[in-house]
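# Observations on the three-dimensional arrangement
Single-letter residue listing:
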Amino acid sequence: MRMPAHWIRSALAALFFIIARPALSQEPMTFDKEPLIIQTASGKRLNFIVEIAETNEQRQRGLMYRKEMAEDAGMIFDFGVSRRVQMWMDNTILPLDMLFVDSTGTVRSIKQNAVPYSRDIIDSMTEVKFVIELNAGVTAKLGIKPGDKAMSATTTRKK
């Protein structure tokens, strides 16, 4: 029995999208950037340039598929409202430190050295409005701790 041509075309199109989808999901995504200052309890002002993930699509992508990131770089996830946040490292190549930050810019908790590719849930355990991701080891190296303040255009704007 011979298949109609439109069935073959439909089957080939479906096969293309099944194969191409993972590759397309790794396409670069554009994020705006802004300066971020973390003011430690000891008075140090630490400067970073962070990419801003504020849409659902941007927050879902985050730093996935990135192979490198500058030492003074990172990403800030803006959730718009304070809530309990759960993150994971699926498709994330870089080990990261995650700072869970409330609406006042105060660091509430830190997950150090999140494991690349892990599907384990990393929970804020309290309501936060932002998550800041930095290279793993940065928080320990620079002495960033809960109670420190994160200041950027994103953390100080009112919604």
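Below is a summary of the structure that appears in this document.

What counts, and at which threshold
Residues numbered from 1 in each chain as written. Predicted model: local features only at pLDDT ≥ 70, side-chain atom pairs only at ≥ 80, totals over all residues. Heavy atoms only, no water. Helix = DSSP H or I, 4+ residues; strand = E, 2+ residues; numbered from the N terminus. Salt bridge = Lys/Arg side-chain N within 4 Å of Asp/Glu carboxyl O. Pairing = 2+ DSSP bridges. Axes fitted to C-alpha atoms, helices over the stretch in contact; angles between N-to-C directions. Buried < 20%, exposed > 50% of the residue type's maximum accessible area, 1.4 Å probe, protein only. Contact = heavy atoms within 4.5 Å. Polar contact = N/O pair within 3.5 Å; in protein donor to acceptor, adjacent residues only side chain to side chain. Core = buried A, V, L, I, M, F, W, Y, C linked by side-chain atoms within 4.5 Å.

## A closer look at unusual backbone geometry
Even without being a glycine, Asn113 presents a positive backbone phi close to 55°. As for its placement among the helices and strands, Asn113 is situated in strand 5 (residues 107-114). Not every positive phi belongs to a glycine, and Tyr117 is a case in point at roughly 65°. Note that Tyr117 resides in the loop between strand 5 and strand 6 (122-135).

## Examining the pattern of salt bridges
Following the criterion strictly, the structure yields five salt bridges and no others. Residue Arg119 is joined to Asp90 by a salt bridge in which the shortest nitrogen-to-oxygen separation is 3.3 Å. Separated by 29 residues along the polypeptide, Arg119 in the loop between strand 5 and strand 6 and Asp90 in the loop between strand 3 (73-87) and strand 4 (96-101) bring together distant segments of the chain.

## Notes on the sheet that holds strand 3
Spatial strand order, 5-4-6-3-2-1-7: seven strands in an open sheet with mixed pairing. Only two strands of the sheet have a single neighbouring strand rather than two, namely strand 5 and strand 7 (149-152). Here the strands of the sheet are splayed against their neighbours by 35° on average, with no regard to which way each runs. Where strand 4 meets strand 5, five bridges bridge the pair, whose relative direction is antiparallel. Looking at strand 5, one finds that Leu99 is bridged to Ile110.

## Here's the deal with the environment of Asp97
Here Asp97 is to be found in strand 4. Relative accessible area serves as the criterion here: at 0%, Asp97 is assigned to the buried category. With 38 residues separating them along the chain, Asp97 and Asn135 place their C-alpha atoms 5.9 Å apart. Once residues lying within four places of it in the same chain are set aside, the contact partners of Asp97 are Lys111, Gln112, Asn113, Ile132, Glu133, Leu134, Asn135, Ala136, Gly137, Val138, Thr139 and Ala140. A polar atom in the side chain of Asp97 sits 2.8 Å from the backbone nitrogen of Asn113.

## With respect to the side chain of Asn135
With respect to the element layout, Asn135 can be found in strand 6. A distance of 3.0 Å separates a polar atom in the side chain of Asn135 from the backbone oxygen of Ala70. Those residues within four positions of Asn135 in sequence are excluded, and the remaining contacts are Met69, Ala70, Glu71, Pro95, Leu96 and Asp97.

## A short note on the nonpolar core
Grouped together as the largest cluster of nonpolar side chains are 19 residues, with contacts concentrated most on Phe77, Met87, Met98, Phe100, Ile122 and Val131. Taken together, the elements giving at least two residues each to this core come down to strand 3, strand 4 and strand 6. Ranked by the residues each element gives to this core, the list is headed by strand 3, at six residues. Judged by nonpolar contacts, the second largest core, of 16 residues, contains Ile52, Ile76, Phe130 and Ile144.

## So, the pairing of strand 2 (residues 45-53)
Here strand 1 (residues 32-39) runs beside strand 2; their pairing, made up of eight bridges, is antiparallel. When the bridges of strand 2 are listed, Glu34 appears paired with Val50. Connecting the antiparallel pair strand 1 and strand 2 is a turn made up of five residues, with Gly43 showing a positive phi of about 100°. As defined by bridge partners, strand 2 adjoins strand 3 across five bridges and the pair is classed as parallel. If you follow Ile49 over to strand 3, its bridge partner there is Ala73.

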